[in-house]
Amino acid sequence: MTTPSLQDGIDKAGSPIELLWKPGAEPWTPEVVEREYAGWRQEQNAWHEGVALLNLSHHMYDMWIEGPDATRLLADHGANNFENFAVGQAKQYIPVTKDGNIVTDGILAREAEHKYLLSGVPAAQHWVQYHGERGRYDVSFATDPSSAFRPGGGDPTLFRYQIQGPLAQELVERVFGGPLPRTKFFHSAAVGLDGRAFRALRHGMAGQAGFEFIGPWEHAAYVHEAFLKAGEPLGLVQVGALAYTTPSVESGWIPSPVPGIYTDPELLEYRRHLPLFGIEGKRPLSGSHFSEDIEDYYCSPYELGYGKMISFNHDFLGRDALMKARDDVRRTKVTLVFDADDVREIIGRGQDPGFHLTYARHRVENATGLVGVTMQTASIDPVGTVLSLTLIDTEHAEPGTEVEVVWGEHPGSATDPGADLGFPRVRATVRPAPFNQHARTLYRRNA
């Protein structure tokens, strides 16, 4: 039986929107990891005030790209600067379509001169592998899907543990018997623990210091136990799947924007290549902002805040479109701080709303109408309210600007996109993204 393709799904549904629009869709949370350990509030506070351990081993899709043409392939389809990409360094990889719309980003680590590891949401991996195979590049690919999709189950190839928070450095020194080698942000160093070799990637989230430790799965249990034991005197808190999804809201990273691949006639073969039951066919859209045109959900890397990472020192797919777009960026990434009273009344129905997470596209309005769209919204206990990463019209992006978020779920194509459905409105104030000042002014500055 032939596996249905993304294009098959679009044809059967009638349009990309008919395929993807799922009102009230449950938000994604990492697989395998417990939803909570100490409770989402304590876990969020741990990386602000103490030290937290996060297990990233199961939800990352990994693809190794190796061969003499590995750098050329990635540079031909990525807007990053590859001239000074050192072995041991990682970058946020930015693949775009010929129209300059982002496919989705990923974390690209250079493991050797001709070998890279691309990790994250698999849309970027699908894009690179497709072009690598069709373009006859001298490269090979090896993949390890996330634990929810790994054929036959089994363990991941790699473990990934993050240590984050003000006490992260102290914990690391306890585990390794001293400080690690000085390492730039998003660069890694080789480390060892009782004869077990792995790597330490200098990392951080929500503005806090930290490391991501990456190594062979056979060492996973030993390394995990070492951190737990050394962290007991410091009050180490393990972070569950609920809290894990929230630091990106403070750090300013928008996860999984809609890939700009659904409408271009030149990408028909690509859509026929992609499986229907992959990320491109199953990541749902929902919220109060409904449009029949999927292109209304596409994003430019400039809108997502990636402008400083784009390099025009080489030719790449989408280069001309990005050059034209750089001086005319329509929307700006901001953080919306929801009014706490409205959150209790509307989201909590008059009570403490507890944990809230959504990736819904909610309308952001002022007196003139639509001015923006939310991308990810979550409860942030240390802030005392809900924050939302949002793309907003540039003229309304000034910090302190007051707007309203239309809170509801548009039912879809059977209802006029502009219909007044009586949804309540949550007052919100525009703040910068990243929301956290340290993240905004220091560690994200040269990411």
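Quick caveat, the model's predicted, so the values are computed rather than measured. (Residues numbered from 1 in each chain as written. Predicted model: local features only at pLDDT ≥ 70, side-chain atom pairs only at ≥ 80, totals over all residues. Heavy atoms only, no water.)

1. Considering the overall build of the protein
Part 1 of the reasoning: A tally of helices and strands in the protein yields 14 helices and 18 strands.
Part 2 of the reasoning: For the protein, whose C-alpha radius of gyration is 22 Å, the value lies close to the compact-globule estimate of 22 Å for 447 residues.
Part 3 of the reasoning: When the backbone C-alpha atoms are referred to their principal axes, the protein occupies close to 65 × 55 × 45 Å.
Part 4 of the reasoning: The 447 residues of the protein split such that 56% are buried.
Part 5 of the reasoning: Across the protein, every contact between residues at least 6 apart in sequence was considered, and the portion connecting residues at least 24 apart equals 72%.
Part 6 of the reasoning: Accessible area for the protein stands at about 19,300 Å²; split by element, carbon and sulfur atoms hold 47% of it.
Part 7 of the reasoning: Each charge class in the protein can be summarised by its mean position, and for the 41 positive and 58 negative side chains these summaries are 4 Å apart. (Helix = DSSP H or I, 4+ residues; strand = E, 2+ residues; numbered from the N terminus. Rg over C-alpha atoms; globule rule 2.2 N^0.38 Å. Buried < 20%, exposed > 50% of the residue type's maximum accessible area, 1.4 Å probe, protein only. Contact = heavy atoms within 4.5 Å. Areas by Shrake-Rupley, 256 points an atom, 1.4 Å probe, with all protein chains shown as cover. Lys, Arg positive; Asp, Glu negative; His and termini not counted. Charge placed at Lys NZ, Arg CZ, Asp CG, Glu CD.)

2. A closer look at the sheet that holds strand β3 (residues 90–93)
Part 1 of the reasoning: Strand order in the open sheet formed by five strands is β3-β4-β5-β2-β6, and the pairing between neighbours is antiparallel. The open sheet has two edge strands with one neighbour each: β3 and β6 (140–144). Adjacent strand axes in the sheet meet at a mean angle of 25 degrees, parallel and antiparallel pairs treated alike.
Part 2 of the reasoning: Pairing of β3 with strand β4 (residues 106–112) involves four bridges; the strand directions are antiparallel. The partner of Gln 92 across the bridge, within β4, is Ile 107. (Pairing = 2+ DSSP bridges. Axes fitted to C-alpha atoms, helices over the stretch in contact; angles between N-to-C directions.)

3. Structural notes on the pairing of strand β14 (residues 363–366)
Part 1 of the reasoning: Pairing between β14 and strand β15 (residues 369–380): four bridges, direction antiparallel. Bridging across to β15, Asn 366 finds its partner in Gly 369.
Part 2 of the reasoning: Counting the residues that bridge the hairpin from β14 to β15 gives two residues.
Part 3 of the reasoning: With two bridges connecting them, β14 and strand β17 (residues 402–406) associate as antiparallel partners. Paired with Glu 365 across the strands is Glu 404, a residue of β17.

4. Quick look at the packing of aromatic side chains
Part 1 of the reasoning: Tallying each qualifying case throughout the model produces 19 aromatic pairs.
Part 2 of the reasoning: With a centroid separation of 6.5 Å and 80 degrees between ring planes, the pair formed by Phe 82 and Tyr 93 is classed as edge-to-face. Of this pair, Phe 82 sits in the loop between α4 (70–76) and β3 while Tyr 93 is found in strand β3, placing the two residues 11 residues apart along the sequence. Each member of the pair, Phe 82 as well as Tyr 93, is classed as buried.
Part 3 of the reasoning: The side chain of Lys 91 reaches across the aromatic face of Phe 85, ending 4.9 Å from its centre.
Part 4 of the reasoning: The ring of Tyr 222 is capped by Arg 196, whose NZ or CZ atom sits 3.6 Å from the centre of that ring. (Phe/Tyr/Trp six-rings, centres within 6.5 Å; stacked < 30°, edge-to-face > 60°. Lys NZ or Arg CZ within 6 Å of the ring centre and 35° of its normal.)

5. Notes on the pattern of salt bridges
Part 1 of the reasoning: Throughout the structure, instances matching the rule amount to 20 salt bridges.
Part 2 of the reasoning: Among the salt bridges present, the one from Asp 144 reaches Arg 150, with a minimum N-O distance of 2.8 Å. Summarising the burial analysis for this pair, Asp 144 and Arg 150 share the class buried.
Part 3 of the reasoning: Note that Arg 427 is salt-bridged to Asp 342, the shortest N-O span being 2.9 Å. You can see Arg 427 sitting in strand β18 (residues 425–431) and its partner Asp 342 sitting in helix α13 (residues 340–347), a full 85 residues away along the chain.
Part 4 of the reasoning: On the basis of relative accessible area, Arg 427 is assigned to the partly exposed category, the value being 44%. (Salt bridge = Lys/Arg side-chain N within 4 Å of Asp/Glu carboxyl O.)

6. Things to note about unusual backbone geometry
Part 1 of the reasoning: Cis geometry marks the peptide bond from Ala 433 to Pro 434, where omega comes out at 0 degrees.
Part 2 of the reasoning: In this fold, Pro 434 is placed in the loop between β18 and α14 (437–443).
Part 3 of the reasoning: If you check the backbone angles, Ser 256 has positive phi at about 55 degrees while not being a glycine.
Part 4 of the reasoning: Judged by relative accessible area, which is 12%, Ser 256 ranks as buried.

7. A look at the side chain of Glu 212
Part 1 of the reasoning: For Glu 212, the location among the structural elements is in strand β10 (residues 208–216).
Part 2 of the reasoning: A polar contact is formed between the side chain of Glu 212 and the side chain of Gln 162, at a distance of 3.1 Å.
Part 3 of the reasoning: Beyond its immediate stretch of four places on either side in the chain, Glu 212 contacts Leu 56, Arg 160, Tyr 161, Gln 162, Arg 199, Ala 200, Leu 201 and His 203. (Polar contact = N/O pair within 3.5 Å; in protein donor to acceptor, adjacent residues only side chain to side chain.)

8. Observations regarding helix α3 (residues 40–49)
Part 1 of the reasoning: Burial analysis of α3 places seven of its 10 residues in the buried class, the great majority of the element.
Part 2 of the reasoning: Within the sequence span of α3, burial applies to Trp 40, Glu 43, Gln 44, Asn 45, Ala 46, Trp 47 and His 48.

9. Re the confidence of the model for the protein
Part 1 of the reasoning: When pLDDT is averaged across the protein, the result is 94; 96% of the residues are at 70 or more.
Part 2 of the reasoning: Contacts of residues 439–447 to residues separated by more than four positions or lying in other chains number 21 contacts, the stretch itself having pLDDT below 50. (pLDDT = per-residue confidence, 0-100.)

10. Details of the pairing of strand β7 (residues 158–164)
Part 1 of the reasoning: Of all the seven residues making up β7, seven are buried; the element is thus mostly covered by neighbouring parts of the structure.
Part 2 of the reasoning: Of the two faces of β7, the one holding Leu 158, Arg 160, Gln 162 and Gln 164 and the one holding Phe 159, Tyr 161 and Ile 163 are both buried throughout.
Part 3 of the reasoning: Pairing analysis gives four bridges linking strand β1 (residues 52–55) to β7, with the strands arranged antiparallel. Paired with Leu 53 across the strands is Ile 163, a residue of β7.

11. Quick notes on the environment of Gln 164
Part 1 of the reasoning: Structurally, Gln 164 can be placed in strand β7.
Part 2 of the reasoning: Accessibility expressed as a relative area gives 0% for Gln 164, which makes it buried.
Part 3 of the reasoning: Separated by 3.1 Å, the side chains of Gln 164 and Gln 162 make a polar contact.

12. Let's talk about the side chain of Arg 331
Part 1 of the reasoning: Along the polypeptide, Arg 331 turns up in strand β12 (residues 331–338).
Part 2 of the reasoning: For Arg 331, a relative accessible area of 7% corresponds to the buried category.
Part 3 of the reasoning: There is a polar contact of 3.2 Å between the side chain of Arg 331 and the backbone oxygen of Tyr 298.
Part 4 of the reasoning: Engagement of the side chain of Arg 331 in a polar contact is seen with the side chain of Glu 303, the distance being 3.0 Å.

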